[in-house]
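An overview of the molecular structure
Single-letter residue listing:
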Amino acid sequence: MKDTFVLKTTIKEFSTMKECFEQEKIGKEDLIITNEFIYNSKFKEIDANVLFQERYGVGEPTDEMIENIRKDVLKDIKRIIAIGGGTIIDISKFLILDYEGTIDQVILHEIPYKKTKKLYVVPTTCGTGSEVTNVAISELKKRKTKKGLADDLIYPDKALLIPEMVETLPYKFFATSSIDALIHSVESYLSPNSTLYSRMFSVKAMTMILNGFKKVVQDGKENWSQYAKEFLIASNLAGIAFGNAGCAAVHALSYPLGGAYHIPHGEANQLMFESVYNKYYEKDPNGHIQDFFEVVSEILGVEKEDALKALFALTNQILKRKPLSSYGIKKEELPEFVKSVIEGQQRLLNNNYVELSSDDMIEIYNNVYDK
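Quick caveat, the model's predicted, so the values are computed rather than measured.

Reading the values: the criteria
Residues numbered from 1 in each chain as written. Predicted model: local features only at pLDDT ≥ 70, side-chain atom pairs only at ≥ 80, totals over all residues. Heavy atoms only, no water. Helix = DSSP H or I, 4+ residues; strand = E, 2+ residues; numbered from the N terminus. Rg over C-alpha atoms; globule rule 2.2 N^0.38 Å. Buried < 20%, exposed > 50% of the residue type's maximum accessible area, 1.4 Å probe, protein only. Contact = heavy atoms within 4.5 Å. Lys, Arg positive; Asp, Glu negative; His and termini not counted. Charge placed at Lys NZ, Arg CZ, Asp CG, Glu CD. Expected span 1.5 Å × (residues − 1). Pairing = 2+ DSSP bridges. Axes fitted to C-alpha atoms, helices over the stretch in contact; angles between N-to-C directions. Salt bridge = Lys/Arg side-chain N within 4 Å of Asp/Glu carboxyl O. Core = buried A, V, L, I, M, F, W, Y, C linked by side-chain atoms within 4.5 Å. Left-handed = near helix turned anticlockwise from the far one by under 90°. Nonpolar A, V, L, I, M, F, W, Y, C, P; charged D, E, K, R; others polar. Parallel < 35°, antiparallel > 145°, perpendicular 65-115°, else oblique.

1. Quick word on the overall build of the protein
On a plain count of helices and strands, the protein comes out with 15 helices and ten strands. Against the compact-globule benchmark of 21 Å for 371 residues, the protein has a radius of gyration of 20 Å, which places it among compact chains. Principal-axis analysis of the C-alpha atoms gives the protein an extent of 55 × 45 × 45 Å. Residues counted as buried form 58% of the 371 residues belonging to the protein. The contacts in the protein between residues at least 6 apart in sequence include a share of 74% that link residues at least 24 apart. Averaged over its 45 positive side-chain charges, the protein has a centre that lies 3 Å from the centre of its 53 negative ones.

Encoded structure:
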């Protein structure tokens, strides 16, 4: 029997990075994985071992990037401190594992592995929620797709929430990451694996994010950072929700976009969000999706039948969705995308609100190809 609810990560809040380092006694025996600009602006006076992710490759995690960083991790390191966004966190989750072979083999469960280091995470975006989940994603370059490892061994030991680490995020990264967090909360709410406990976190995250979006639209995008703490906590709550109930078709269908065209994760998710949920409603308009409409209608102050329309109108004000064609994607590639999703993303598709056929998935892609 599946556990009703799990939260294995200790969550702590700090006012400043300095306070965090002092209380957690981070120093010479630890390895910090981060980006150089974060290091230089926030904590370069700290005496610790540091590796900069971008020196091993740009963009989101790849198998090559992970293996190259792994070669430079000192053997006597006991804790890894991940300070960054989803790329940094996911890479660090793989780095706490010990194995003989390649990361592809780990992700595909072809070789044994074990956890040999503790992992502390300081998120610097308000989207992944990865600081409290047991999932890490990597692009597998030879396969031209993304795959995830879901294993309790890679739960971070501590999530260290520091609003000042999010406040300087450029607007585009705030928009894509916060929409990603919203999708985490929505997909986990409608997942057949959701429970009363996980849905509490989903609803609270949705409420905080959508109310925050309304304030950002009202106050101006340049002022979003005054709500950084709320978005950071909401992302964390959404991570707890999807860590228990799972994400679904939005994430599954977005992975080929990231793998083949390197579209940023949150942006790729938004491309699929509206079309997936319109298809859900078309296939089963009277199920649990009605409860979701009720939640959204209460938050946005609209009639229940207008909930989806209002939701996507608001997210489009935060980040305008572009058609798939604008990224150089060719229409003849869409069947291959569907094939790769069916073959490689069953872990996510099992969490769908309703079952989606290959024809459904083609239609979902087509619906946003030129619109």
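Having seen the structure, we can now continue with the description.
2. Description of helix α12 (residues 307–318)
Compared with an ideal rise of 1.5 Å per residue, which puts twelve residues at 16 Å, α12 spans 17 Å between its outermost C-alpha atoms and is within 8% of the ideal. Listed as buried for α12 are Ala307, Leu308, Ala310, Leu311, Phe312, Leu314, Thr315 and Ile318. The inward-facing, buried residues of α12 contact α6 (171–190), α7 (196–219), α10 (265–283) and α11 (289–300).

3. Let's talk about the sheet that holds strand β2 (residues 30–34)
Strands sit in the order β1-β10-β7-β4-β2-β3 across an open sheet of six strands; the sheet is parallel. On the outer flanks of this sheet lie β1 (10–13) and β3 (49–52), each paired with one strand and no other. The sheet shows a mean angle of 20° between the axes of neighbouring strands, direction not considered. Relative to strand β10 (residues 158–161), β1 is paired through four bridges, and the arrangement is parallel. For isoleucine 11, the partnering residue across the bridge sits in β10 and is alanine 159.

4. Remarks on the pattern of salt bridges
Inspection of every chain in the model, using the stated rule, returns 17 salt bridges. One salt bridge in this structure joins glutamate 36 and arginine 55, with 3.1 Å as the shortest N-O distance. Remark: arginine 55 occurs in the loop between β3 and α3 (63–70) and glutamate 36 occurs in helix α2 (residues 36–42); sequence separation between them is 19 residues. According to the relative accessible area criterion, arginine 55 is exposed, its value standing at 56%. Across the salt bridge formed by lysine 279 and glutamate 363, the nearest N and O atoms sit 2.9 Å from each other. Of this pair, lysine 279 sits in helix α10 while glutamate 363 sits in helix α15 (residues 358–367), and the two are 84 residues apart along the sequence. Judged by relative accessible area, which is 33%, glutamate 363 ranks as partly exposed. Taken together, the shared-partner salt bridges connect Lys279, Glu282, Lys283, Asp360 and Glu363 into one network.

5. Observations regarding the nonpolar core
Membership of the largest hydrophobic core comes to 79 residues, with the highest contact counts inside it found for Tyr277, Tyr280 and Phe292. Among the elements that make up this core, the one with the highest residue count is α6 (nine residues). Each residue touching tyrosine 280, except ones within four places of it in the same chain, is listed here: Leu190, Ala248, Ala249, Ile289, Asn352, Tyr353, Val354 and Leu356. Ile66, Val73, Ala82 and Ile91 belong to the second-largest nonpolar core, a separate cluster that totals 30 residues.

6. Overview of the packing of α6 against α10
Running from N to C, α6 and α10 point in directions that differ by 35°, and their axes come no closer than 8 Å. The two elements α6 and α10 meet at a crossing, and its hand is left-handed. Contact residues: Lys172, Thr176, Ile179, Asp180, Leu182, Ile183, Val186, Glu187 and Leu190 in α6; His265, Gly266, Glu267, Asn269, Gln270, Phe273, Tyr277 and Tyr280 in α10. Considered class by class, the residues forming the contact of α6 with α10 number eight nonpolar, five polar and four charged.

7. A few points about the packing of α7 against α12
Where α7 meets α12, the closest approach of the two axes is 10 Å, and the angle between their N-to-C directions is 55°. Classed by the angle they form, the pair α7 and α12 counts as oblique. In terms of crossing hand, the pair formed by α7 and α12 is left-handed. Note on element contacts: α12 touches α7 through Leu311, Leu314, Thr315, Gln317 and Ile318, opposite Leu210, Phe213, Lys214, Val216 and Val217.

8. Some details on the pairing of strand β4 (residues 79–84)
With six of six residues buried, β4 is to be regarded as a mostly interior element. The pairing of β2 with β4 spans four bridges and is classified as parallel. Counted as the bridge partner of leucine 31 is isoleucine 80 from β4.

These figures come from the coordinates and say nothing about function on their own.
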